[in-house]
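Breakdown of the fold
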Amino acid sequence: MAGAVNMALPSSGASALFLREAEVRRGIELLLRGHGQLGRAVDPLLADAALGRAHQRALAFIARYPDGTVGALLGHLGITKQSLNRVLAELVERALVEVRPGRDDRRQRLLRLTPAGAALEAQLFEAMRARLAAAYAKAGAEAVAGFWAVLEGLAGDPGDAAG
């Protein structure tokens, strides 16, 4: 069995061999570390509100897609109905999210932030925005466009439940 191999790459631009294992591993590591930093930026606010990251993700998508359906939110979050129902029940109970019947199909449940939910989501967004904006400014517009292209490739179509 071979020993551990240091796959660290210089912090400068991507190698022309970006599909090699070392480069892909570096990309995964950076995504995980970046995700962790964004999460840590909102953790104190979530702790104050006695909420978790699942609640934050639900609030973010409901803010981004007001009057979206529960089914669409399930697709965006990629979690089970049981998990979403628990999160939504807490958000509704705390008057952060309101659920209304659909306009055409009364069986649909449409989700929208309440004023209190919008205020909390704005605080959470601002904590992440500061971190992300600083990284964007350091990288530059061309790098940000490339980053978005990679993330869009990972995330898939917003209407696709797999994305």
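Here, the structure is the one placed above.
Read on for a plain summary of the structure. Values in this document were obtained by computation on a predicted structure and should not be read as measured data. (Residues numbered from 1 in each chain as written. Predicted model: local features only at pLDDT ≥ 70, side-chain atom pairs only at ≥ 80, totals over all residues. Heavy atoms only, no water.)

Bringing a nonpolar patch on the surface into the picture now. On the surface, Leu 31, Leu 132, Phe 147, Trp 148, Val 150 and Leu 154 cluster together to form a nonpolar patch covering roughly 550 Å² of accessible area. With respect to the helices and strands, the residue Leu 154 is situated in helix H6 (residues 141–155). (Patch = residues over 30% accessible without salt bridge, like charges linked within 9 Å, V, L, I, M, F, W, Y side chains within 5 Å. Areas by Shrake-Rupley, 256 points an atom, 1.4 Å probe, with all protein chains shown as cover. Salt bridge = Lys/Arg side-chain N within 4 Å of Asp/Glu carboxyl O. Helix = DSSP H or I, 4+ residues; strand = E, 2+ residues; numbered from the N terminus.)

What follows is about the environment of Leu 88. Along the chain, Leu 88 turns up in helix H4 (residues 81–93). As for Leu 88 and Val 70, which are separated by 18 residues in sequence, their C-alpha atoms are 9.2 Å apart. Those residues in contact with Leu 88 that sit more than four places away from it in its chain are Ile 62, Val 70, Leu 73, Val 97, Arg 109 and Leu 111. (Contact = heavy atoms within 4.5 Å.)

Attention now moves to the pattern of salt bridges. Where charged atoms of side chains with opposite charge meet at close range, the side chains can pair. By the definition in use, this model includes 11 salt bridges. Salt-bridge contacts for Arg 86 lead to Glu 90; the nearest nitrogen and oxygen are separated by 3.2 Å. Taken together, the residues span about one helical turn, with Arg 86 and Glu 90 both in helix H4 at a distance of 4 residues. Judged by its relative accessible area of 45%, Arg 86 is partly exposed. With a closest N to O distance of 2.8 Å, Glu 126 and Arg 129 form a salt bridge. (Buried < 20%, exposed > 50% of the residue type's maximum accessible area, 1.4 Å probe, protein only.)

All right, on to the packing of aromatic side chains then. Going through the model one piece at a time under the given rule, you end up with 2 aromatic pairs. Aromatic pair Phe 61 and Tyr 65: ring centres 6.5 Å apart, planes at 10°, arrangement stacked. Overall, the relative accessible area of 27% leaves Phe 61 in the partly exposed class. Their ring planes at 70° and their centres at 6.1 Å tell us that Tyr 136 and Trp 148 sit as a pair that is edge-to-face. Of this pair, Tyr 136 sits in helix H5 (residues 115–139) while Trp 148 sits in helix H6, placing them 12 residues apart in sequence. (Phe/Tyr/Trp six-rings, centres within 6.5 Å; stacked < 30°, edge-to-face > 60°.)

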